[in-house]
Amino acid sequence: MGDTNLTAILYKQGDLRLEDATVKEPGPGQVQLSMRDVGICGSDVHYWTHGAIGDFIVKAPMILGHEASAVVTKLGAGVTSLKVGDRVAIEPGVPCKCCKFCKKGRYNLCPDMSFCATPPIDGNLSRFYCHDADFCYKLPDHVSNEEGALLEPLSVGVHACTRAGVTLGSRVFICGAGPIGLVNLLTAKAKGAAEVIVTDIDASRLEFAKSLGADHIVLVTSRDPIDTANKVEAILGDKADITIECSGAPSSIRTAIFATAPGGCVVLVGLGPADVELPIVNAAVREVDIRGIFRYVNCYPTALAMIASGKVNVKPLVTHRFKLEQTLEAFEMAKQGKGVKIMINCEK
Ligand code: NAD
Ligand code: 572
Ligand code: ZN
């Protein structure tokens, strides 16, 4: 293609193009990166197919990609934490570092967050990309570039399981066996959950969850949330201590509440319709806490330690691999819901 910086640019809904873009120089505190592996996230596919997620609308061409690893090629002024040649995982959201949320360590809630591939901020599905050095994490030699890219979804699992209070002996119910349900499964098991039960409407996704270590799987066949909650309770012998909802389907969120024990916690990870009718009084009178999560905060170091120590094996999540030149094929496959994690390799 004769390119120097082949880049996957979403011009508008349904219009994803590979083009040669300019190679940028790193600003102060930034590094220039030669991209390695970039995973396709459901949000990348959604921006491509729908042109928007909620209020985030693609109004100008935007580079996709936010689950990424890379090699440092240049240091911007003042960077001392990394050197040229370091392999890194990229935490895609860079907050303002000054607001009250940043100052109290909850930088994921920063209103001025710049998050890759969330309009109007460009992502990193390209050959070269610049990012703040303090949001790049050096990978040990034995952690692969694909594992580095998978730190991103794994961090969602780390944050959700932390907010849920998963601990030794927890009995955990995970709704939805997509990539996000699966990273929650892996994290919950690594944190010592005694039993993890997973639901989905897709039998092949449940088989995948089983192969990753789910203790029980339940195929959701009824739209009645109490039916499914009863099945979960029958298998566990009791209601779950913790439920992590990773589908966003309204009926599944209702199931999550009914299936959680008094005094337990439901964490909402999946984001579907903005307004959902819930059995909120049922949750209130049984002191079932309902918590949300917004991406992750301070989770990359933990996710990296989990992988580097061998406590978590994310490698089986990668089911398909493409080169950057094959981006459109990769997105077509992702749109069809085939496989679990589709990885794009950006090396020439
Ligand atoms: P996905 O679409 O691949 O997975 C969702 C799974 O839920 C699918 O396997 C689907 O078959 C299953 N499902 C659908 N209806 C169901 C039902 N009634 N009961 C049980 N399972 C059902 O998506 P993903 O990439 O795994 O992401 C999951 C959700 O997490 C999405 O809504 C995404 O937007 C959200 N997400 C939220 C955050 C956050 O910060 N809160 C971060 C990342 C992803
Ligand atoms: O990896 C981060 C991520 N976050 C997702 C989805 C996929 N991947 N979220 C769901 C959509 N929201 S949002 O608030 N938004 C578009 C900014 O609706 C962010 C979190
Ligand atoms: Zn994502």
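Residues numbered from 1 in each chain as written. Chains lettered and ligands numbered in written order. Predicted model: local features only at pLDDT ≥ 70, side-chain atom pairs only at ≥ 80, totals over all residues. Heavy atoms only, no water.

**A look at the overall build of the protein**
Tallying secondary structure elements over the protein gives 10 helices and 20 strands in all. Computed over the C-alpha atoms, the radius of gyration of the protein is 20 Å, within 12% of the 20 Å expected from 2.2 N^0.38 for a compact globule of 348 residues. The C-alpha extent of the protein, read off along each of the three principal axes, is 60 × 40 × 35 Å. Here the protein holds 348 residues, and the buried ones make up 54% of them. Long-range pairs, those at least 24 residues apart, make up 68% of the contacts in the protein between residues at least 6 apart in sequence. (Helix = DSSP H or I, 4+ residues; strand = E, 2+ residues; numbered from the N terminus. Rg over C-alpha atoms; globule rule 2.2 N^0.38 Å. Buried < 20%, exposed > 50% of the residue type's maximum accessible area, 1.4 Å probe, protein only. Contact = heavy atoms within 4.5 Å.)

**Regarding helix α7 (residues 250–258)**
For α7, the complete set of buried residues consists of S252, I253, T255, A256, I257 and F258. Contacts from the buried residues of α7 go to β13 (171–175), α6 (225–236), β16 (240–245), β17 (260–268), α8 (280–285) and β18 (289–292).

**Focus: the nonpolar core**
Core analysis: the biggest nonpolar cluster contains 59 residues, and L154, V166, V172, L182, I244 and L317 have the highest contact counts within it. Among the secondary structure elements, those contributing two or more residues to this core are α3 (145–164), β13, α4 (179–190), β14 (195–200), α5 (203–211), β16, β17 and α9 (300–308). Of all the elements, α3 adds the most residues to this core, at 9 residues. In terms of nonpolar packing, the next biggest core, distinct from the first, is built from 37 residues, I40, M62, V88 and A330 among them. (Core = buried A, V, L, I, M, F, W, Y, C linked by side-chain atoms within 4.5 Å.)

**Observations regarding the site of ligand 1**
Every one of the 21 residues lining ligand 1 counts as a neighbour, but I180, D200, R205, I293 and R295 are closest to it. One of the backbone nitrogen or oxygen atoms of I180 is found 3.0 Å away from an oxygen atom of ligand 1. Within the contact set of ligand 1, a nitrogen atom lies 3.0 Å away from a backbone nitrogen or oxygen of I293. Protein burial of ligand 1: of its 860 Å² of free accessible surface, 76% is covered by the chains. (Near = heavy atom within 4 Å. Polar contact = N/O pair within 3.5 Å; in protein donor to acceptor, adjacent residues only side chain to side chain. Areas by Shrake-Rupley, 256 points an atom, 1.4 Å probe, with all protein chains shown as cover.)

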